[in-house]
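Geometric and topological summary
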Amino acid sequence: MAFTTIAVAGKGGTGKTTLCGFLIDYLCKKGKGPILAVDADANSNLNEVLGVEEPVSLGDIREEIAHAELEEVSPIPAGMSKQDYMDWKFNSALIEEDDYDMLVMGRTQGKGCYCFVNGLLQSQLQKISKGYRYIVVDNEAGMEHISRGTLPSVDIILLVSDCSRRGIQAVGRIAKMIQDLDLKPKTVKLIVNRAPNGELNAGVLEEIKLQELDLLGVVPQDENIYEYDCEGKPTSTIPESSPSRAAFDKLIAELI
């Protein structure tokens, strides 16, 4: 099955993960599954946005296997290869929901050699990715897992910024990094989030032009997101009539 990889990227605090949750929910409701949701931001909480329990991260599994030979009692059962153990642990880390599955990449590697384990992880991801129509990745600003080739090559990158000039400048730096890393996505679009009344002032529009960013659209400030967050509800489930969700869904409908 041919799949499309959509990466959502931006600095912390812009509502990036919330919009990523909106995107996954939108694809599910439009019948565009099966979908693989990947949390590739060590500081994000995509599982909370989607309303699922926090899974074991692939980073923890990688650490366990990379250091197995250094421990007095190896976690790998006698007679089982690293490959087989990795297969088993990988499958246990995959959360399976009705319309999507989810993986958490977790922390980046520490000291030691990870070449072998990274190779196993990469082959696992490549193998399972063929079973999905869309892979949606919530990225850290550096997009490390994509740039290292751990995750599949990206087709669409959605850059998320708040409605400040400094936020647009930060996204501009990410856009330049995408070029420097030679990721070659088919589409790179900017979404400006949390805009008062869904409007941008002249200064922000000027900065978008200076940074040579392609504006997909604007998502307004929405009190429903704040209320859902305070009540511990998954923000991906806010009503489609809610201002932020209605605006976002319209933007994505034009893109996909």
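What you see is a predicted model, and the numbers here were worked out from it, not measured in a lab. (Residues numbered from 1 in each chain as written. Predicted model: local features only at pLDDT ≥ 70, side-chain atom pairs only at ≥ 80, totals over all residues. Heavy atoms only, no water.)

**What to know about the overall build of the protein**
A tally of regular secondary structure across the protein gives 10 helices and eight strands. Taken along the three principal axes of its C-alpha coordinates, the protein extends 65 × 35 × 35 Å. Here the protein holds 256 residues, and 51% of them are scored as buried. Contacts spanning at least 24 positions in sequence make up 78% of the contacts within the protein whose residues lie at least 6 apart. For the protein, the computed accessible surface area is about 12500 Å², with 47% contributed by carbon and sulfur atoms. The protein carries 26 positive and 39 negative side-chain charges, and their two centres are separated by 6 Å. (Helix = DSSP H or I, 4+ residues; strand = E, 2+ residues; numbered from the N terminus. Buried < 20%, exposed > 50% of the residue type's maximum accessible area, 1.4 Å probe, protein only. Contact = heavy atoms within 4.5 Å. Areas by Shrake-Rupley, 256 points an atom, 1.4 Å probe, with all protein chains shown as cover. Lys, Arg positive; Asp, Glu negative; His and termini not counted. Charge placed at Lys NZ, Arg CZ, Asp CG, Glu CD.)

**Quick word on the nonpolar core**
Leu-103, Met-143 and Leu-159 are the most contacted members of the largest nonpolar core, which totals 43 residues. Broken down by element, this core gets its largest block of residues, five residues, from helix H7 (residues 165-180). Setting aside residues no more than four positions away along its own chain, Leu-159 makes contact with Ala-9, Val-171, Ile-174, Ala-175, Ile-178, Val-188, Lys-189, Leu-190, Ile-191 and Leu-213. By size, the runner-up hydrophobic cluster in this structure holds 33 residues, among which are Cys-20, Ile-156, Val-219 and Leu-251. (Core = buried A, V, L, I, M, F, W, Y, C linked by side-chain atoms within 4.5 Å.)

**Regarding the packing of helix H1 (residues 16-29) against helix H10 (residues 243-255)**
Helices that pack against each other are described as a pair by the angle of their axes relative to one another and the distance between those axes. Taken N-terminus to C-terminus, the directions of H1 and H10 make an angle of 65°; their axes are 10 Å apart at the nearest point. Considering how the two elements wind past one another, H1 and H10 form a crossing that is right-handed. Along its contact with H1, which presents Leu-19, Phe-22, Leu-23, Asp-25, Tyr-26 and Lys-29, the element H10 presents Ser-244, Arg-245, Phe-248, Asp-249, Ile-252 and Ala-253. Partitioning the contact of H1 with H10 into residue classes produces seven nonpolar, one polar and four charged. (Axes fitted to C-alpha atoms, helices over the stretch in contact; angles between N-to-C directions. Left-handed = near helix turned anticlockwise from the far one by under 90°. Nonpolar A, V, L, I, M, F, W, Y, C, P; charged D, E, K, R; others polar.)

**Thoughts on the sheet that holds strand S2 (residues 35-40)**
One open sheet accounts for eight strands, arranged S3-S4-S2-S5-S1-S6-S7-S8; its pairing is mixed. Edge positions in the sheet fall to strand S3 (95-96) and strand S8 (215-220), since each of these pairs with one other strand and no more. Relative to strand S7 (residues 187-195), strand S6 (residues 156-161) runs parallel, the two sharing six bridges. Bridging across to S7, Val-160 finds its partner in Ile-191. Across the sheet, H7 touches S6 and S7, and the angle it forms with S6 is around 155°. (Pairing = 2+ DSSP bridges.)

**Concerning the environment of Val-171**
Secondary-structure assignment places Val-171 in helix H7. Its relative accessible area of 2% is what places Val-171 among the buried residues. Considering only alpha carbons, one finds Val-171 and Leu-190, 19 residues apart in sequence, at a separation of 8.3 Å. Residues in contact with Val-171, not counting those within four places in the same chain, are Leu-159, Val-160, Ser-161, Leu-190 and Leu-213.

**As for the environment of Val-204**
Looking at the element boundaries, Val-204 is found in helix H8 (residues 202-210). A relative accessible area of 2% places Val-204 in the buried class. Once residues lying within four places of it in the same chain are set aside, the contact partners of Val-204 are Cys-163, Ser-164, Arg-165 and Ile-168.

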